[in-house]
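# Notes for the structure review
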Amino acid sequence: MNACIRSLLREDLRDFAGYRSARGDDAGEGRIWLNANESPWANTADADAQLRRYPSPQPAALRHALADLYGCEPQQLLAGRGSDEGIDLLLRALCHPGRDAVLVTSPTFGMYAVAARLHGARVVDVPLLDHDDDHDFDCDFAAVGDAAEAHGARLVFLCSPGNPTGRALPLDGILALAQRLRERALVAVDEAYIEFAQGPSAVASLDRHPNLAVLRTLSKAHALAAARIGCVIGAPGLIAALQRCQAPYPVPEPCARLARAALHADARATTTRRIQVIRSERERLRAGLQALPGVRRVYRSDANFLLVRFAHAQQAFDRLLAAGIVVRDLRRAPRLDDALRISVGAREDNDAVLAALGPMEVAA
Ligand SMILES: *Cc1c(COP(=O)(O)O)cnc(C)c1O
């Protein structure tokens, strides 16, 4: 393992071998497999008789298909139960509970802090800068670097495009931060929504930055949220270390098969067309919302949702609910006490949102 990766791992886990599953046995071409206490018969409910055996810890065909999708080598990618599992694995492998810190930039995806709390890691927050004049939250990369160094953070979570801000971070800023924190901290870029953005993925920069990792998922643009397939992409040594911290059989066989089917050329072509529809609907919905009198601000978005500030957020939320439309209420989040997050739907869904919010009366 390269020295940089080794220095990033928790020192008490650097020589940890993990669980040795039966599927990992180097048994070659067995004819009769009696090493995993499986049933000799398929369950009668298992019509294709595909589920009797434990799955491979990292199904090779799925790993290859995902690597092809994301433009990396299979050994740079670890598949798991959504990117949520990737977040958890990074924490476990890199942060010593009760001592080490992770850094987040609020407002951001809540799972980073939840996973950190459960793991007993401290959370350092360097809030994104919100400018009143333009329409973006910005990451203060210099402040993130300073805070990571000052607190000895082992892991920095950047969300790009950001949830709930919607904006992609500049890749040059991400890479400069990784360069600065080399051998001190891993920079994890959560690209759950990057399919909806214009800019390049950080995956193409992994070879030059061993302390960079990227989280990707089939849950959003690929429409497979319930299949729970996501991955961590990074240096092969990091990926191998994360796998040693992972449950032995993390990818259920029916989910792996479905994901493989979703990555065939025809399914991918449909996904690509739908991403285009979401992008154009996003701009149409944004313009429509921005034109409504009760809307204070609609942030620009590189994702499949819009962050919207309202003069009367409760009234907007109630109106949408009365029309049967459920959106994400962000008002408990710091600095978002007038904000809702609205996913971009199909054309008729977005029309329903605009109709429900109609010209708003001035609240009495
Ligand atoms: C939805 C979301 C995820 C969750 O992805 P799963 O692969 O479904 O676990 C990860 N990160 C962000 C920022 C998200 O919004």
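Residues numbered from 1 in each chain as written. Predicted model: local features only at pLDDT ≥ 70, side-chain atom pairs only at ≥ 80, totals over all residues. Heavy atoms only, no water.

### What about the packing of aromatic side chains?
- Taken as a whole and judged by the stated rule, the model has five aromatic pairs.
- Here the aromatic rings of tyrosine 112 and phenylalanine 157 are separated by 4.5 Å at their centres, their planes lie at 5°, and the arrangement is stacked. Residue tyrosine 112 is located in helix 4 (residues 111-119), and its partner phenylalanine 157 is located in strand 6 (residues 153-159); the two are separated by 45 residues in the primary sequence.
- Exposure remark for phenylalanine 157: the relative accessible area of 0% places this residue in the buried category.
- Among the aromatic residues, those joined into a cluster by ring pairs are Phe109, Tyr112 and Phe157.
- Geometry around phenylalanine 305 places arginine 341 over its ring, the cationic atom sitting 5.6 Å from the centre. (Phe/Tyr/Trp six-rings, centres within 6.5 Å; stacked < 30°, edge-to-face > 60°. Helix = DSSP H or I, 4+ residues; strand = E, 2+ residues; numbered from the N terminus. Buried < 20%, exposed > 50% of the residue type's maximum accessible area, 1.4 Å probe, protein only. Lys NZ or Arg CZ within 6 Å of the ring centre and 35° of its normal.)

### Observations regarding the pairing of strand 6
- Within strand 6, seven of the seven residues are buried, which leaves it mostly tucked inside the rest of the structure.
- Here three bridges tie strand 2 (residues 101-104) to strand 6, and the two strands are oriented parallel to one another. Bridge pairing in strand 6 places leucine 103 opposite valine 156.
- In this region the chain leaves strand 6, passes through helix 6 (residues 171-181) and returns to the parallel neighbour strand 7 (residues 186-190); the handedness of that crossover is right-handed. (Pairing = 2+ DSSP bridges. Right-handed = clockwise from strand over helix to strand, strands pointing away.)

### Some words on the site of the ligand
- Taken together, 13 residues form the shell around the ligand, and within it Ser83, Asp190, Thr217, Ser219 and Lys220 come nearest.
- Interatomic distance of 2.6 Å between a side-chain N/O atom of serine 219 and an oxygen atom of the ligand.
- Within the contact set of the ligand, an oxygen atom lies 2.8 Å away from a side-chain nitrogen or oxygen of arginine 228.
- With the chains in place, 93% of the 380 Å² that the ligand exposes on its own is no longer accessible.
- Top element by residues in the shell around the ligand is helix 3 (residues 82-94). It accounts for three residues.
- Residues that form the shell around the ligand fall into these classes: four nonpolar, five polar and four charged. (Near = heavy atom within 4 Å. Polar contact = N/O pair within 3.5 Å; in protein donor to acceptor, adjacent residues only side chain to side chain. Areas by Shrake-Rupley, 256 points an atom, 1.4 Å probe, with all protein chains shown as cover. Nonpolar A, V, L, I, M, F, W, Y, C, P; charged D, E, K, R; others polar.)

### Topic: the pairing of strand 3 (residues 122-125)
- Pairing between strand 2 and strand 3: four bridges, direction parallel. Its bridge partner lying in strand 3, leucine 103 is registered against valine 124.
- In this view, the connection linking strand 2 to its parallel neighbour strand 3 by way of helix 4 has right-handed handedness.

### Overview of the nonpolar core
- Grouped together as the largest cluster of nonpolar side chains are 54 residues, with contacts concentrated most on Leu66 and Val187.
- Looking at this core element by element, the count peaks at six residues for helix 2 (residues 60-70).
- Ala93, Ala115, Ala116 and Ala241 belong to the second-largest nonpolar core, a separate cluster that totals 33 residues. (Core = buried A, V, L, I, M, F, W, Y, C linked by side-chain atoms within 4.5 Å.)

### Comments concerning the pattern of salt bridges
- Per the stated rule, a full pass over the model turns up 28 salt bridges.
- In this structure, aspartate 88 and arginine 92 form a salt bridge, with 3.0 Å as the shortest nitrogen-oxygen distance. Taken together, the positions of aspartate 88 and arginine 92, both in helix 3 and four residues apart, correspond to about one turn of that helix.
- On the basis of relative accessibility, which here comes to 23%, the residue aspartate 88 falls in the partly exposed class.
- With relative accessibility at 36%, the residue arginine 92 sits in the partly exposed group. (Salt bridge = Lys/Arg side-chain N within 4 Å of Asp/Glu carboxyl O.)

### Describing the side chain of aspartate 100
- Mapped onto the secondary structure, aspartate 100 falls in the loop between helix 3 and strand 2.
- The exposure class assigned to aspartate 100 is buried, which follows from its relative accessible area of 8%.
- In this structure the side chain of aspartate 100 is engaged in a polar contact, spanning 2.7 Å, whose partner is the backbone nitrogen of histidine 96.
- Polar side-chain contacts of aspartate 100 include one of 3.4 Å to the side chain of arginine 99.
- In contact with aspartate 100, other than residues within four places in its own chain, are Leu94, Cys95, Ala121, Arg122 and Arg154. (Contact = heavy atoms within 4.5 Å.)

### So, the sheet that holds strand 12 (residues 328-329)
- With respect to topology, four strands assemble into an open sheet ordered 10-11-13-12, the strand pairing being antiparallel. Strands with a single pairing partner mark the edges of an open sheet, and in this sheet they are strand 10 (295-298) and strand 12.
- Pairing of strand 11 (residues 305-310) with strand 13 (residues 339-343), which is carried by five bridges, proceeds in the antiparallel orientation. Of the residues in strand 13, the one forming a bridge with leucine 306 is isoleucine 342.
- Of the strands in this sheet, strand 10, strand 11 and strand 13 touch helix 9 (residues 265-290), which is tilted by about 150° from strand 10. (Axes fitted to C-alpha atoms, helices over the stretch in contact; angles between N-to-C directions.)

### Quick look at the packing of helix 5 (residues 141-151) against helix 6
- At a closest axis distance of 10 Å, the pairing of helix 5 and helix 6 adopts a crossing angle of 25°. Judged on the interaxial angle alone, helix 6 and helix 5 are roughly parallel. Crossing geometry of helix 5 relative to helix 6 is assigned as right-handed. Here helix 5 contributes Phe141, Ala142, Val144, Gly145, Asp146, Ala148 and Glu149 to the contact with helix 6, which in turn contributes Gly173, Ile174, Leu177, Arg180 and Leu181.
- Per-class residue counts for the contact of helix 5 with helix 6 are seven nonpolar, two polar and three charged. (Parallel < 35°, antiparallel > 145°, perpendicular 65-115°, else oblique. Left-handed = near helix turned anticlockwise from the far one by under 90°.)

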